[in-house]
Amino acid sequence: MRRDEFLKLLEKRVLFLDGAYGTELFKRGFRGKLVEVLNLENPEMVRELQCDYTGAGADILLTNTFSANRMKLTQYGLAEFIEQINAKAVEIAKSACKTDQLVFGDMSSTGTFVKPLGEIDFDEVYTIFKEQAQILIDSGVNGIIIETMSDLKELKAAVLAVRDVSRDIPLIVSMTFEEDGKSVTGTSVEIFATVMNDLDVDVVGINCTLEPKQMLSVFSKLAKYSKKPLCVEPNAGKPMLVGNRLVYRTSPEEFAIYMRDFVELGANIVGGCCGTGPEHIKLMRNYIGERTPVQRAVTKEQFIASRTVLKPTEPFLIIGERINATGKKKLQEEIRQMNFSHLVKLAQEQEQEGCAAIDVNLGLEKVLSEEHFRGVINELDRYASLPLSIDVQTLNFLEICFREYVGRAVLNSATCDEKHLLPRIELIKRYGGMLIVLCMEKDIPEHSEERVKLAKKAVEILKAEGIELERVFFDPLVLPIGAKKDHRVTVETVRKLKELGLKTSIGLSNLSFGLPERESVNAAFLSLCVDAGLSAAILNSKEQTTMNVLRGALTLKGEQLVQIDQIEEEPLVQYILKGQREQVMNLVQEMLKYREPLDVSQNVLAKAMERVGQLYATGKIYLPHLLLAAETVQPVFDHLNSLIATGKNRLGKVLLATVQDDIHDIGKKIVATVLRSGGFEVVDLGKNVPAERVLEAVKELKPNIVGLSAMMTTTVGYVKETADLLKKNGVEVFVIAGGASMNQQLAQQFGVYYARDALEALKLCKELLGGEKA
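What you see as residue numbers is a count from 1 along each chain, following the sequence as written. Thresholds applied to this predicted model are a pLDDT of at least 70 for local features of residues and 80 or more for the giving and counting of side-chain atom pairs; totals over whole chains, interfaces and linings are not thresholded and use all residues. Excluded from the side-chain calculations are hydrogens and water; all other atoms, namely the structure's heavy atoms, are used.

## Quick look at the sheet that holds strand β2 (residues 60-62)
Strand order across the open sheet formed by eight strands is β1-β10-β7-β6-β5-β4-β3-β2, with parallel pairing between neighbours. Because the sheet does not close on itself, it has two edges, and the strands there are β1 (15-16) and β2. With four bridges joining them, strand β6 (residues 203-207) and strand β7 (residues 230-233) adopt parallel strand pairing. Considered in β7, the bridge of glycine 205 is made with cysteine 231. A pair of strands counts as paired when DSSP detects no fewer than two bridges linking them. Secondary structure elements follow DSSP: runs of H or I no shorter than four residues count as helices, runs of E no shorter than two count as strands, and numbering proceeds from the N terminus.

And the structure:
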């Protein structure tokens, strides 16, 4: 089926997706490690389930290939069978379908973080997805679904991979979110929708983790921000242990009622995830019936975004200018040496000063390599939170930046010369983002009429390429008045472009280059431009006069900047949040002159990290800040521990493991980072760890606490198996479980403690070591 045919079908009626595979195949007796091996070892078992789904009324049947990418198959020793497993899955699904039913190839995460949060390169994960997509498409699927993704960067790699295999295959993408509407990596559902609005996907959706009633509020946000048709696949509740079986508490009747609510909110495709089966799909289909999709009201606002921060571009976009190595020998040399610490500091300062985005210009590009640009983008992704404006001139380096970037960046800057503009349009079409177009070609016109004429030429090119003008700023060009250039030409150009309905952005500080009292001159000129209709400026946010005049000029127009929440904390917390390890160490050294190391460790540093945790839990800082804080204090804790000879240097020892047959460790690694920064010694046994190995390690290492992670509903039973084995062998140790498949009720049934996230785990570890063992 072609994409246009699929989209026309979505306009006509709501489609029905199938339900779960893993939980349903386990329910039907499968007891192996990976349900995808059934495609080769017991294809009839898969076919029977899929026939039940098609019989229940599913319009779209997924292939049994959720974990059939090379990385996951390698960890189960099955990589050599990747082609057979995927191709056979398509054959089975097609044999279960009637002529009017569709088969979509199912793809999902590799189970690991992409750099900078993890260890795998973007290009490596792209290659893994491309290989699986190629097999599925060559085998004859009608479309591809990429689901249960928690890392926006990994999803981006998967989208690009599928599109590089086929531009014409229908593509559904779906992420999984917590009840607060954020993924485990801190990406909100609004950011997900904003980024996917630009990327070449057909349908966006939410699946897994949440039961229907929890997912409704998250889905309503997606419906507000997404311009694409919507898909939704909730779980059938959280799993409970009944006898020796895991069951899901949302009945098919209850599920069907909730699914109609999703249709009323604008869902185009509805289906089920973990715990749902053919009966859920049958009742849902019967209850909803033949429906035309509801027309949604989607916000018309434009946003830019990083992995964790979404910023509106209206009423005025402030872009910080200070990461610009042009003419700054020291900063240029630091970048050349791959030392990005000062660059990160500049980004953090500009965030505090009220910028909504950070412009990045690395100066002399011929002395740099691809690794420099890749390194800068990843470092800013890891340690700074604002969206970026990427001002890179070499096309190859510019593409590296947009390929690595997670979010919706601004491409600064293209010229109106078609040969210069077209390749940059191609970049934002492929990777998403907004664009700044300079009103010039090879030379800068002297008069505003000529600059506007060039802008009109660029508009025609943009329209022909299908780029919405709302995604574009035009730069009227600011020239130094010290070089006898007339600033009124710029103001007049802003006014004329505004009359044409175009957005404008300027590089403010060019005006006063070489002049004294630059701040006053910049501020006065900015006020004139705002009055003429200016939409954005790249400026020095450290100039208080400039920032104050900007606020005043906007107020006179009846507009106000979005208020920036300033985080006012004690100096130690501020140093930790900014990653200023040297300042943290200096402060601690000063305290050690009159306080014991143990006292400083537990009553000063640990308390400061508790405050950081509170800021994260209340949404005032984001995951990159939390990880930066944890990495900042770790060597300081190590130093304090080296000064304590009694063995009381740690709050306790925690042994972490992802349970047997489960190869996901994203959340576990975050827990390990937070526990270490909280004063615990952490031993991580890795993933896919059998109960016997946990027992062996506990006997050898004698931890105070064992932390078990289970992401998959098919592996959550190993939490109980591991806990039971420890008890059976008389090992007295606290056991805490977490992960997407765990919940409080299940933990009680398993006889273990439950922690929903890393901060809850830290709090629980501290409470447990202050009390009695279970």
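## Quick look at unusual backbone geometry
The step from lysine 115 to proline 116 runs through a cis peptide bond, and the omega angle for that step is 15°. Within the secondary structure, proline 116 is located in the loop between β3 (102-107) and α7 (122-138). Omega for the bond connecting asparagine 412 with serine 413 falls within 30 degrees of zero, at 15°, which places this linkage in the cis form. Within the secondary structure, serine 413 sits in strand β16 (residues 410-414). Of note, lysine 702 is a non-glycine position whose phi angle comes to about 50°, a positive value. Here lysine 702 falls in the exposed class, since its relative accessible area comes to 62%. The cut-offs for exposure are 20% and 50% of the maximum accessible area for each residue type, with area from a 1.4 Å probe on protein chains only; residues under the lower value are buried, those over the upper are exposed, and the others partly exposed.

## Details of the pattern of salt bridges
Salt-bridge detection follows one rule: a side-chain nitrogen of Lys or Arg within 4 Å of a carboxyl oxygen of Asp or Glu. Applying the stated criterion to the full structure yields 49 salt bridges. In this structure, glutamate 349 and lysine 345 form a salt bridge, with 2.8 Å as the shortest nitrogen-oxygen distance. Of this pair, glutamate 349 and lysine 345 both sit in helix α14 (residues 341-352), four residues apart, which is roughly one turn of that helix. Using a relative accessible area of 34% as the deciding quantity, one classes lysine 345 as partly exposed. We note a salt bridge from arginine 382 to glutamate 631, for which the minimum N-O separation is 2.0 Å.

## Focus: the UniProt feature "binding site: Zn(2+)" (unreviewed entry) in the chain
UniProt positions are given in the numbering used here, feature names are shortened, and annotations may be inferred rather than shown by experiment. Listed under "binding site: Zn(2+)" (unreviewed entry) in the UniProt record, and renumbered for this structure, are Cys208, Cys273 and Cys274. The greatest C-alpha distance among the residues just named is 6.5 Å, despite their covering 67 residues of sequence, which places them together in space. Mapped onto the elements of the fold, cysteine 208 is located in the loop between β6 and α10 (212-225). The class for cysteine 208 is buried, based on a relative accessible area of 12%. Contact between two residues is taken to exist if any of their heavy atoms lie within 4.5 Å; hydrogens are not considered. Here cysteine 208 is in contact with Thr148, Thr176, Met215, Glu233, Asn235, Cys273 and Cys274, once residues within four sequence places are set aside. One can find cysteine 273 in the loop between β10 (269-270) and α12 (278-288). Leave out the neighbours within four places in its chain, and cysteine 273 touches Ala20, Asn207, Cys208, Glu233, Pro234 and Asn235.

## Details of the domain arrangement of the chain
What counts as a domain boundary in this text is fixed by an automatic or database domain assignment. Once the domains are mapped, the chain shows domain 1 (3-288), domain 2 (303-322 + 388-557), domain 3 (565-644) and domain 4 (650-773). Domain 1 and domain 4 are separated by 28 Å when their C-alpha centres are compared. Each side of the interface is counted separately: domain 1 has 22 residues, and domain 4 has 24 residues. Note on definitions: buried area is the accessible-area loss of two parts on being combined, 1.4 Å probe, summed for both. Between domain 1 and domain 4 lies a buried interface of about 2100 Å² when both sides are counted; carbon and sulfur atoms form 59% of it. By the criterion of area lost to domain 4, the three top residues of domain 1 are Gln75, Tyr76 and Leu241, representing 23% of everything that side buries. Taken together, domain 1 and domain 4 are joined by zero salt bridges. Throughout this description, a polar contact denotes any pair of N or O atoms lying within 3.5 Å of each other; where both atoms belong to protein, one of them has to be capable of donating a hydrogen while the other can accept it, and for residues adjacent in sequence the pair is counted only when both atoms sit in side chains. Across the domain 1-domain 4 interface, the total number found is zero residue pairs in polar contact (both at pLDDT 80 or more). When contributions to the side of domain 1 that touches domain 4 are tallied by element, the ones reaching two or more residues are α2 (22-27), α5 (70-75), β8 (239-242) and β9 (245-248). Amino acids are sorted into nonpolar (Ala, Val, Leu, Ile, Met, Phe, Trp, Tyr, Cys and Pro), charged (Asp, Glu, Lys and Arg) and polar (every other residue, Gly among them). Grouping the amino acids of the side of domain 1 that touches domain 4 by side-chain chemistry returns ten nonpolar, seven polar and five charged.

## A look at the pairing of strand β20 (residues 536-539)
Every regular strand shows the same layout, with side chains that alternate between the two sheet faces. Neither face of β20 is open: one carries Ala536 and Ile538, the other Ala537 and Leu539, and all of them are buried. When strand β13 (residues 317-324) meets β20, the two strands line up parallel, connected through four bridges. Following the sheet pairing, isoleucine 318 is matched in β20 by alanine 537. Pairing of strand β19 (residues 503-507) with β20, which is carried by three bridges, proceeds in the parallel orientation. Bridge pairing in β20 links glycine 507 to isoleucine 538. Here the term right-handed applies to a crossover when the path leading from its first strand over the helix to its second strand runs clockwise, the strands being oriented away from the viewer. Once you follow β19 into helix α20 (residues 518-532) and on to β20, the crossover reads as right-handed.

## Some remarks on the packing of α7 against helix α8 (residues 152-165)
Helix axes are fitted only over the stretch in contact, all axes being lines through C-alpha atoms; the angle between N-to-C directions runs from 0 to 180 degrees. Interaxial distance between α7 and α8 falls to 8 Å at its minimum, and their mutual angle equals 45°. Comparing the axis directions of α7 and α8 gives the class oblique. When the axes of α7 and α8 are compared, the crossing they make is right-handed. Only Lys153, Glu154, Lys156, Ala157, Ala158, Leu160, Ala161, Val162, Asp164 and Val165 of α8 make contact with α7, whose side of the interface consists of Phe122, Val125, Tyr126, Phe129, Lys130, Ala133, Gln134 and Ile137. Angular relationships are summarised with four words: roughly parallel below 35 degrees, roughly antiparallel beyond 145, roughly perpendicular across 65 to 115, and oblique for the angles in between. When the near helix sits turned anticlockwise from the far one by under a right angle, the crossing is termed left-handed; a clockwise turn instead gives a right-handed crossing.

## Observations regarding helix α23 (residues 581-591)
For α23, the set of buried residues is Val584, Val588 and Met591. End-on view of α23: buried residues confined to an arc of 55°, all on one side of the axis. The arc in question is the one spanned by the directions pointing from the helix axis to the C-beta atoms.

## Re the nonpolar core
One finds Ile146, Phe192 and Phe474 to be the most contacted residues of the largest nonpolar core, which totals 183 residues. Both domain 1 (3-288) and domain 2 (303-322 + 388-557) contribute no fewer than three residues apiece to this core. Excluding residues that lie within four positions of it along the chain, phenylalanine 192 makes contacts with Leu152, Leu155, Val173, Ser174, Met175, Phe177, Thr187, Val204, Gly205 and Leu222. Of all hydrophobic cores here, the second largest spans 47 residues; its members include Val573, Val584, Leu626 and Leu768. Here the nonpolar core consists of buried residues drawn from Ala, Val, Leu, Ile, Met, Phe, Trp, Tyr and Cys, with membership extended through side-chain atoms lying within 4.5 Å.

## Observations regarding the environment of threonine 545
By the secondary structure assignment, threonine 545 is in helix α21 (residues 544-556). Each C-alpha atom of the pair threonine 545 and glutamate 519 lies 6.6 Å from the other, and the pair is 26 residues apart in sequence.

## A few points about the sheet that holds strand β21 (residues 652-658)
What the five strands build is an open sheet, ordered β22-β21-β23-β24-β25; its pairing is parallel. Each edge of the open sheet carries a strand with a single partner, namely β22 (680-684) and β25 (753-754). Taken together, the two bridges between strand β24 (residues 734-738) and β25 define a ladder with parallel strand orientation. Opposite alanine 737, over in β25, you have tyrosine 754 as the bridge partner. Contacting β21, β22 and β23 (705-709), helix α27 (residues 691-701) crosses the sheet at an angle of about 165° to β21.

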